[in-house]
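Listed below, chain by chain, are the residues.
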Amino acid sequence: MDALMDAAVMHGPGDVRFERVPIPTCPEGGFVLKVEAVGLCGSDIRNLSTDSRKGDYPFIYGHEVVGCVHEVAPGVDGVAMGERLYIYPEAHCLRCENCRSGRSNQCTDVDSYVKRPGGFAEYISYTATRLERGAMYHVPESVDPVRASLAEPLSSTYACVENIDVCLGDTVAILGAGPIGVNLAILSKMRGASKVIVADVNGDRLDRLGPFGVDEVVDGSMCDVVDTILLLTHSRGVDKAISANPSTTSQQQILEITRAGGTAVFFGGVPRGSTAELDTNLIHYKSLWVYGHYGATSIQVQRAFELALDPKYPAESIVSHVLPLARINEAIELTRSGEALKVVLKPTLKEG
Ligand SMILES: [Zn+2]
Ligand SMILES: [Zn+2]
């Protein structure tokens, strides 16, 4: 009989069970990682609670993975036994037209994490393709694996503020105070923005913004977000406005609060199939730049990883809960309600 491990297995929408499953076998030319820390991402919650795999269950999600090399296939020399690695979930081919044009976040031959079982488990395996393509980074012994796991959610936000060139003196509005909104705020301040405004409809999330240098907080459950942000900018609007939540309402709001000639960013994905009603005259008459952001290029992934390890990145303030993997369903609820900012799960942490 195969050796067994603990895993959080999705059996259907909203049906996640902590159970014993076989440890993955080491693929030819690949390796197996013992998972030390795995972040719970907003996209995981969406995938776990909807029919994300169109009936193809059971499946193990989990893509913000840091762990130690547990097994290496014969003849493989790219990784060492016991070495701690952060693995970016998508390995870009670096050969397709998008990759060669500097848009590897749009790789047309990506080795995507949803094709293979993920990291909500004690062990995860990687194939030879992953070793060929890289997007795996050595994590020094001195670095907490929980901190290193934040490199993944940091990467897309890092890429966004770089691509829209948030710079010295900018006023930036971010609609959404989840981990993505918080990262966008931290990075905007690091890049020299003079005023960062964060809005959310959840007061619990806004209460947690203290350590991140946010200049203005707007509680959308108490006031009109658009009116308030226009007031805060003396009716000028902000240089850059970012929709960082899954609502189409925010997508309209950022068009209203962006100054003439400014940049409105559609960062947060919305539920599949939903369409937004937008006043496109705002784009036209204000000469707005509208930018849709997704992912990070391979070099941005690397730079975000380096920043995540840097003590100036406030990882400890972002991670509100470190929980055993067994408590994944509780972690989902804590994140949904806004009680948790960021939960990182540890399969090695046992209950009791
Ligand atoms: Zn993620
Ligand atoms: Zn490619």
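In this text, all values refer to a predicted model and were calculated from it rather than measured experimentally.

1. Considerations on the sheet that holds strand β11 (residues 238-243)
The pairing of strands in a sheet comes from backbone hydrogen bonds and takes either a parallel or an antiparallel form. One open sheet accounts for six strands, arranged β10-β9-β8-β11-β12-β13; its pairing is parallel. Whereas interior strands pair on both sides, the edge strands pair on one side only; in this sheet they are β10 (216-219) and β13 (289-292). Each neighbouring strand pair of the sheet contributes to a mean axis angle of 15 degrees, computed without reference to strand direction. By the bridge criterion, five bridges tie strand β8 (residues 171-175) to strand β9 (residues 195-200) in an arrangement that is parallel. Paired with A173 across the strands is I197, a residue of β9.

2. What about the pairing of strand β5 (residues 84-87)?
Relative to β5, strand β4 (residues 64-72) runs antiparallel, the two being bridged by four bridges. Within β5, the residue paired with C68 across the bridge is R84. In the sheet, β5 pairs with strand β7 (residues 136-138) via three bridges, with the strands oriented antiparallel. Its bridge partner being in β7, I87 is matched across the sheet by M136.

3. Considering the UniProt feature "domain: Alcohol dehydrogenase-like C-terminal" (unreviewed entry) in the protein
The sites that UniProt annotates as "domain: Alcohol dehydrogenase-like C-terminal" (unreviewed entry) are residues 179-307. Here residues 179-307 is 40% helix and 22% strand, with 16 Å between the C-alpha atoms at its ends.

4. Topic: the packing of helix α5 (residues 151-163) against helix α11 (residues 298-309)
Any two packed helices are characterised by how steeply their axes cross, that is the angle between the axes, and by the distance between the axes. One way to put it is that α5 packs onto α11 with a least axis distance of 8 Å and a crossing angle of 115 degrees. The two elements α5 and α11 cross, and the hand of that crossing is right-handed. Counted together, A151, L154, S155, Y158, A159 and E162 of α5 and Q300, V301, R303, A304, F305, L307 and A308 of α11 form the full contact between these two elements.

Criteria and thresholds
Residues numbered from 1 in each chain as written. Chains lettered and ligands numbered in written order. Predicted model: local features only at pLDDT ≥ 70, side-chain atom pairs only at ≥ 80, totals over all residues. Pairing = 2+ DSSP bridges. Helix = DSSP H or I, 4+ residues; strand = E, 2+ residues; numbered from the N terminus. Axes fitted to C-alpha atoms, helices over the stretch in contact; angles between N-to-C directions. UniProt positions renumbered as here; feature names shortened; annotations may be inferred. Left-handed = near helix turned anticlockwise from the far one by under 90°. Contact = placed C-beta atoms within 7 Å.

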